[in-house]
Amino acid sequence: MAVKLCLLLLLFCGSTISEVQPIYKPPPGTLDFGFVPAKTYDTGAYHEPGPIGILFKIVHAFLYLVQPNSFPQDLIRKLAQQKFGNTQGDYQKAIYYEIGFIVSAALGLLFILLLPLVGLCFCMCRCCDNCGGEMHQRQKKNADCQRSCFATFLFVASLIISVGVLCAYAANQHLTNQVRGAKKLVNSNFKDLKVFLNDTPAQIDYLVSQYNTTKDKALSDLNNVGPLLGSRVQEQLGKEVRPALDAALTMAGAIRETKEALENVSVSVEVLQEGTERLHANLTDVKMHLSNTLNDSACSVAQAASTCNIIRNSLNQLNINANFSGLPGVSSQLAKVNDVLKTDLSSLVQKGYAAFNDTPDLVVNQTRNILSDIKNVLESIGSNITAFTKTLPVQKILADLMIYLTQSEAYVQDYFPVVEQYDFYRWLGCVILCCMVVLILVFYYLGLLCGTCGYDKHASPTTRGCISNTGGNFLMAGVGFSFLFSWVLMIVVVLTFVTGGNVEKLVCEPFEDKTVFKVLDTPYLLNQHWKNYLSGILFKNPNINLTFEKVYSDCKENKGIYTSLHLEHLFNINEFLNISTYTEDVALKIEHIQINLSKIILLDEIGKENLLNFSSSGIEGINFAAYLTEINKSVTKVDLLSFANDLEARADQLPKGALENALKGHANNIRMIHNQQVIPLEQAMSTLNQSIRLLKRTSSELMVKVKSVISAVNAAQLLINNNASLVIVQETKKYMDTIVGYFEQYIEWVKESIAMEVAACKPIANVIDTAVDIFLCSYITDSVNTFWFGLGGSSIFLIPAIIFAVKLSKYYRRMDTEDVYDDTENGNNGYHKEHLYGIHNPVFTSSVEQW
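Just so it is clear, the structure is predicted and the values come from calculations on it, not from any experiment.

**Section: the overall build of the chain**
Of regular secondary structure, the chain possesses 29 helices and three strands. The proportion of buried residues among the 851 residues of the chain is 45%. Accessible surface, the chain: about 43,300 Å² in total, of which carbon and sulfur atoms supply 58%.

**With respect to the state of the cysteines**
Per the counting criterion, the structure on display carries one disulfide. One disulfide bridge connects C508 with C777, the sulfur atoms lying 2.1 Å from each other. In this structure, the disulfide formed by C508 and C777 twists by about -105 degrees around the S-S bond and is classed as left-handed. Here C508 is found in helix α14 (residues 466-512), whereas its partner C777 is found in helix α26 (residues 762-796), with 269 residues between them in sequence. Taken as a pair, C508 and C777 share a single burial class, namely buried.

**Observations regarding the pattern of salt bridges**
Under the defined criterion, the tally for this structure stands at ten salt bridges. K342 is the partner of D339 in a salt bridge, and the nearest nitrogen-oxygen pair spans 3.3 Å. Since its relative accessible area comes to 45%, D339 is described here as partly exposed. With a relative accessible area of 68%, K342 lands in the exposed category. Measuring nitrogen to oxygen at the nearest pair gives 3.6 Å for the salt bridge that ties K559 to E557.

**Some thoughts on empty space enclosed by the protein**
Scanning the model with the defined rule gives two cavities of 30 Å³ or more in all. Every residue lining the second largest cavity is listed: L520, D521, T522, K531, N532, Y533, L534, L546, T547 and F548. By residue class, the composition of the lining of the second largest cavity is five nonpolar, three polar and two charged.

**What about the packing of aromatic side chains?**
Taken as a whole and assessed by the stated rule, the structure comprises 23 aromatic pairs. Ring centres 4.8 Å apart and planes at 25 degrees place the aromatic pair F33 and W749 in the stacked group. Here W749 lies in helix α25 (residues 702-756) and F33 lies in the loop between α1 (2-12) and α2 (53-66), a separation of 716 residues in the sequence. Across the pair, exposure class does not vary: F33 and W749 are buried alike. An angle of 40 degrees between the planes, with centres 5.2 Å apart, marks the rings of F153 and F804 as tilted. Taken together, the residues F153 in helix α5 (residues 143-209) and F804 in helix α27 (residues 798-812) connect sequence positions 651 residues apart. Taken together through their ring pairs, the aromatic side chains of F62, F101, F497, W788 and F789 make up a single cluster.

**Notes on the side chain of R671**
Residue placement: R671 occurs in helix α24 (residues 658-699). Separated by 2.5 Å, the side chains of R671 and E648 make a polar contact. When sequence neighbours within four positions are dropped, the list of residues in contact with R671 reads L641, A644, N645 and E648.

**Considerations on the environment of L448**
With respect to the helices and strands, the residue L448 is situated in helix α13 (residues 394-454). Judged by its relative accessible area of 8%, L448 falls in the buried class. For the pair L448 and L154, spaced 294 residues apart in sequence, the C-alpha to C-alpha distance is 8.4 Å. Excluding anything up to four places from it in sequence, L448 contacts A151, L154, F155, L475 and L808.

**Describing the packing of helix α7 (residues 225-294) against helix α10 (residues 345-357)**
Two elements in contact, α7 and α10, have axes whose closest approach is 9 Å; the angle formed by their N-to-C orientations is 170 degrees. On the basis of their axis angle, the class for α7 and α10 is roughly antiparallel. Between α7, through Q234, L237, G238, V241, R242, L245, D246, A248, L249, A252, I255 and R256, and α10, the contact on the second element is made entirely by L345, S346, V349, Q350, G352, Y353, F356 and N357. Here the contact of α7 with α10 is built from residues that sort into eleven nonpolar, six polar and three charged.

**Description of α26**
A maximum bend of about 40 degrees is found in α26 at C777. Burial analysis of α26 places 25 of its 35 residues in the buried class, which makes it a mostly covered element.

**Digging into the confidence of the model for the chain**
Looking at the chain, pLDDT values average 77 and 83% of them are 70 or higher. Per-residue pLDDT stays below 50 along residues 1-28; that stretch engages in 70 contacts with residues further than four places along the chain or on separate chains. Low pLDDT, under 50, characterises residues 822-851; the predicted model gives this stretch 38 contacts beyond four residues in sequence or across chains.

**A look at the packing of α14 against α27**
Orientation of α14 relative to α27, taken along the N-to-C sense of each, is 160 degrees, at an axis distance of 8 Å. The angle between α14 and α27 falls in the class roughly antiparallel. Our pair here, α14 against α27, has a crossing hand that is left-handed. When α14 is examined against α27, the residues S468, N469, G471, G472, L475, M476, V479, S482, F483, S486 and L489 are found in contact with a partner set consisting of L798, I802, A805, V806, L808, S809, Y811 and Y812. Here the residues of the contact of α14 with α27 are counted per class, giving twelve nonpolar, seven polar and no charged.

Basis of the calculations
- Residues numbered from 1 in each chain as written.
- Predicted model: local features only at pLDDT ≥ 70, side-chain atom pairs only at ≥ 80, totals over all residues.
- Heavy atoms only, no water.
- Helix = DSSP H or I, 4+ residues; strand = E, 2+ residues; numbered from the N terminus.
- Buried < 20%, exposed > 50% of the residue type's maximum accessible area, 1.4 Å probe, protein only.
- Areas by Shrake-Rupley, 256 points an atom, 1.4 Å probe, with all protein chains shown as cover.
- Disulfide = S-S within 2.5 Å.
- Salt bridge = Lys/Arg side-chain N within 4 Å of Asp/Glu carboxyl O.
- 1 Å grid on protein atoms, 1.4 Å probe; cavity = no way out; pocket = protein on both sides within 12 Å on 5 of 7 lines; lining within 4 Å.
- Points joined across faces, edges and corners; volume = space filled by probe spheres on them.
- Nonpolar A, V, L, I, M, F, W, Y, C, P; charged D, E, K, R; others polar.
- Phe/Tyr/Trp six-rings, centres within 6.5 Å; stacked < 30°, edge-to-face > 60°.
- Polar contact = N/O pair within 3.5 Å; in protein donor to acceptor, adjacent residues only side chain to side chain.
- Contact = heavy atoms within 4.5 Å.
- Axes fitted to C-alpha atoms, helices over the stretch in contact; angles between N-to-C directions.
- Parallel < 35°, antiparallel > 145°, perpendicular 65-115°, else oblique.
- Bend = angle between axes of the 7 residues up to and from the residue.
- pLDDT = per-residue confidence, 0-100.
- Left-handed = near helix turned anticlockwise from the far one by under 90°.

Right, dumping it as structure tokens:
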């Protein structure tokens, strides 16, 4: 099996150009395995013919005109299955497909047969002084026009022949150049094949080594089981635990605020009671002194009497308005709250927070032994992977391939000089053929040159110069060589046309559109007992759907050879990459993780009792209405500052004197009482207002609030003690999925790498392209087709060239006789007497005799 695989790989092996890998950053939570190492190949399976490519395209267009039919898949299949000719229609289809080549070849054969025969008859005819062999030229009025036309046509035909022979020579030289350069391409291919074979083990080792990345990440997560698993458990439990503890902590703060509020109420009430008594006494003294002042005789004066009466009537306003002496005290409530505060509830709640925040540490301590077992399992998995890779037959197959490759390279190196030698013989033969045409062209061009330059229109046909006569002889020499060489040229043209044209239509074009692969993939085509020939060779199982087209396409896309050749039928890597094989033990160990959180105490009984004591402190029994009623009143019945200002204004209405001054003194005294007594009382009332309202809010449904806090704490504690196992199981499952997910990532990466990167078989597609597309089609077939196209065109245009050369030579060569004219009309009767010139004129003689 390994030997057959070796042969197949060598059949397809080639070169590729590796692409530069882009910089890639994996998303969070994704393992970065890097890139599978890949070497750079030197050979590119692409050929650019250069300027001669234009000729190749012209030839392709001509072949399409000759044979526009599509590839005959059915006929090829029957021919391969040796069923061709079973029906008469097969021959008809074959003839229909090849009709263009048949007609063209028939015309070529006709050319080969007739042209030598025509040349022979032409020579014999001229030897009998016929067919232009008679050295006599009749004079015609349009002789100059005919000579010019014949010369022009011959020159054009010669130019076309020249272009054809240049095309043939260019194609011949192109093929030789490509053969000489093929050695470098072949050596480059062998070099790339060795790189390809040597690089594959390193790629496999890289895949195996990247298990350490998975293992290290799994070990990192296992070492951080506290922050990962413990924090997840804590996060899920915290959805109920933290709100309960936050509520208890808030209640502890409310107790402290209640104490401060009760103290403020107690102090403020005491301050207000003492202050209002002192204010009342001072206001009484002010009224008394004002009354005495108004009883002065100065008020009896008519100008002051009305003012004094107004002032006297307003004295009743100088009195206190709020009475704080009757407000109940809050000393009992304050005493109870102080008793509650003897227990530091905030500290108890913080202990609950601390115990709950120790969840990750509890998880670490309780999973230490299990994690040690899991780490041992991970190490054993790595050993199993390494051991499995050593059992794969890859190394043996690659070693066999390397031996065969080395032998093949040596064989090619030994025989390449022979190929170059035979190519030299071929090149020399083609050059000789081109030289035949060049020799004919040389005679034609020399004939045109000498005939045109040496022609004298005043000279008679019998007196033409030597140069003109030589030109005519050159033309006739060209005609002679044309008859000698043309049929040889046409034989070569027909043979290369039939061969090269059919290779182009039956091999190159079907290869380009992959039709040839569809034919090769026909069931039972290459072996009547095998449905799929390729899988039959590789795996001895022709029922496996492995086709030439699929292998070529996959390798063209640079997929891995494992995927392209379906090597899972040789050694199934999926069994090795079965995730359950590696994760079952890990999952089993993780599932056995048991975490007990019952040691976490959120709030002990002392704290709960403390909350209940606070709820029964009696603050809800405070007469908030009585307090708010007095607080909403003003300290005095009248604003003392306004009263003092009004009193001073009325004093200004009195006559200047002691009464005015006394009243102004009383006004200043009232202002002082406002600043020193009323303002502090107002501040105390504000403090009392804030504290009473705070106490009112706190006492509102206090028992319900406390019980709600205790219930929330109890529910959270119950969740930890009894229902935490469910949360732990759920989070442990997620934790296990995370660990197992690393293995799944590794397995998927290995599968993808084996499918696309490891032993990427683009070299296999490249060598097919190199052998068929470049060597056979681009180098050989295109060059051969261009050669016969140029040589065939030259050969065909030899026919008009022969006709024009024969016609034109008559005007350049020196004749033995010519037409003679006598003067009768306008001094000339149309013929000269031959005795006057001493020239034998058989035409004139016979005319006279007939006359």
